[in-house]
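Tertiary structure, described
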Amino acid sequence: MPDLLVVGCSATAITYYNTVLVPAAYHGTAAAHGAVRSNVATWSAVSLPVLPFTISSMALGLLVAFRTNQSTSRYHEARLIWGDLVNSVRDLARQINVWIPRVGERNRLTPTPTDDGSSGGHACTATADTDTNCVRRLYWRSAEHQRIGQLLKAFPVALNFHLCDDGGHRTMTPTQLAADGAIEAEFYAEMLDVWGGDADNPDFRRIVTAFRTADDHAPLAVLMKLSEALQRHQVDPVFEREMDRQVKRLTAVLGGCERLLRTPIPPSFTRHTSRSLTLWCNLLPFALWPETGWATVPVSLMVTFVLLGIEDIGVQIENPFHNLPLRQYQTAVHASVDALLTDPR
């Protein structure tokens, strides 16, 4: 941390000057004039009174506490918003499972793939429940459930990439992120997994196109396709309104995330807090030296580390989407959709 290094250098310079150079200058002057001047060392030492630091520490503490509290509130609100996203998807998937009829159900087993990706020449049958060469896979309960379920899975993926420049890929280096098309390729691959490798699906193509177009909006494209899919079914108006209410909750989730993303803490407040804290910490060794002597250096570093650490925490969590485990929430949504809209076969 550069600021901590600067404070350490300042404390070391002040301590060395007051405890080494001043006594050496005093003894040299006394020897040259043949007199003892006991007040030279005290007069030449550099220090400041403690009272100004005691008074200013109250105001500085309020600044740092307010900055950190604001960032923590944003972090907490973002977590609640994503929690509402998970709950909304679960409620909508449950309602779809109950209120939208199942047609075109699939009943089949998938053979266990070998190391080379083939099925090993073993054909599974629908009655092969005890066949050890077959594994149970998850299958959508109907074509309608499949389309809606894929759109529900796609929404947190699109929102994650919409909020984070790296799409939640924290292990990607700046060089990889800067590469042309790197993020687009990651988005395409994740969406392709959602659609089971069906690159010709019209919903998939529309959402990918929306992400690649600067003037378009991938999460809104997902919600639009989801509304279209829900309106295709003739269900009771009461059920239809209830499902639309869940889509509105997802829209509110999107709006809440964008509000946090596009409304940061005022930069002027952040700069004022940082400058005040840096000045206070750099002047602190002047007030500590008369009381702590050589211990001025470690004490100054300890106090500075604590204060700058608190301020740095506030800066780091100001954008909560770079700190929250969004991919973990995304996985929870996918697991919930699978549990409610698919069957093991």
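Below is a short write-up of the structure. These figures come from a predicted structure and were not determined experimentally. (Residues numbered from 1 in each chain as written. Predicted model: local features only at pLDDT ≥ 70, side-chain atom pairs only at ≥ 80, totals over all residues. Heavy atoms only, no water.)

Its 14 residues give helix 8 (residues 218-231) an end-to-end C-alpha distance of 20 Å, which sits within 8% of 20 Å, the value for a rise of 1.5 Å per residue. When helix 8 is considered as a whole, its buried residues turn out to be A218, P219, A221, V222, L223, K225, L226, A229 and L230. Each element contacted by the buried residues of helix 8 is listed here: helix 3 (51-99), helix 4 (143-163), helix 6 (182-194), helix 7 (202-212) and helix 9 (237-262). (Helix = DSSP H or I, 4+ residues; strand = E, 2+ residues; numbered from the N terminus. Expected span 1.5 Å × (residues − 1). Buried < 20%, exposed > 50% of the residue type's maximum accessible area, 1.4 Å probe, protein only. Contact = heavy atoms within 4.5 Å.)

Turning to the packing of helix 4 against helix 6, a few remarks are in order. The N-to-C vectors of helix 4 and helix 6 enclose an angle of 165°; their axes lie 9 Å apart at closest approach. Here helix 6 runs roughly antiparallel to helix 4, going by the angle between their axes. When you trace helix 4 past helix 6, the crossing you get is right-handed. In contact with Q150, K153, A154, V157, A158 and F161 of helix 4, helix 6 contributes I183, E186, F187, E190, M191 and V194. Split into classes, the residues belonging to the contact of helix 4 with helix 6 amount to eight nonpolar, one polar and three charged. (Axes fitted to C-alpha atoms, helices over the stretch in contact; angles between N-to-C directions. Parallel < 35°, antiparallel > 145°, perpendicular 65-115°, else oblique. Left-handed = near helix turned anticlockwise from the far one by under 90°. Nonpolar A, V, L, I, M, F, W, Y, C, P; charged D, E, K, R; others polar.)

Across all of its chains, the model carries 14 salt bridges by this definition. The residue E258 makes a salt bridge to R262 at a minimum N-O spacing of 3.7 Å. Here R262 and E258 lie together in helix 9, a separation of four residues that amounts to about one turn. Given the relative accessible area of 15%, E258 is considered buried. Look at the salt bridges and you will find they share partners, linking D84, D91, R94 and R249 into a network. (Salt bridge = Lys/Arg side-chain N within 4 Å of Asp/Glu carboxyl O.)

Turning to the packing of helix 8 against helix 9, a few remarks are in order. In helix packing, the relevant descriptors are the interaxial angle and the interaxial distance, both defined with respect to the helix axes. With their axes 11 Å apart at the nearest point, helix 8 and helix 9 run at an angle of 180° to one another. In terms of their interaxial angle, helix 8 and helix 9 are classed as roughly antiparallel. Facing helix 8, whose interface residues are P219, L220, L223, L226, S227 and L230, helix 9 presents M243, V247, L250, T251 and L254. The residue inventory of the contact of helix 8 with helix 9, partitioned by class, reads nine nonpolar, two polar and no charged.

Quick look at a nonpolar patch on the surface now. Together, Y16, Y17, L21, V46 and W294 make up an exposed nonpolar region whose accessible area comes to about 490 Å². When you line up the elements, W294 lands in the loop between helix 10 (267-292) and helix 11 (296-316). When its relative accessible area of 55% is taken as the criterion, W294 is described as exposed. (Patch = residues over 30% accessible without salt bridge, like charges linked within 9 Å, V, L, I, M, F, W, Y side chains within 5 Å. Areas by Shrake-Rupley, 256 points an atom, 1.4 Å probe, with all protein chains shown as cover.)

Inspection of the entire model under this criterion finds nine aromatic pairs. Seen in terms of ring centroids, F161 and F211 are 5.9 Å apart; in terms of plane orientation they differ by 85°. Their pairing is edge-to-face. Residue F161 is found in helix 4, and its partner F211 is found in helix 7; the two are separated by 50 residues along the sequence. F161 gets classed as buried once you look at its relative accessible area, which sits at 5%. Overall, F211 belongs to the partly exposed group, its relative accessible area being 21%. Relative to F211, the ring of F187 has its centre 3.9 Å away and its plane inclined at 10°; by these criteria the two rings are stacked. One end of the pair, F187, is in helix 6; the other, F211, is in helix 7, and 24 residues separate them in sequence. Given a relative accessible area of 0%, F187 falls into the buried group. An aromatic cluster is present here, built from F161, F187 and F211 joined pairwise through their rings. (Phe/Tyr/Trp six-rings, centres within 6.5 Å; stacked < 30°, edge-to-face > 60°.)

Shape descriptors only; they carry no functional weight alone.
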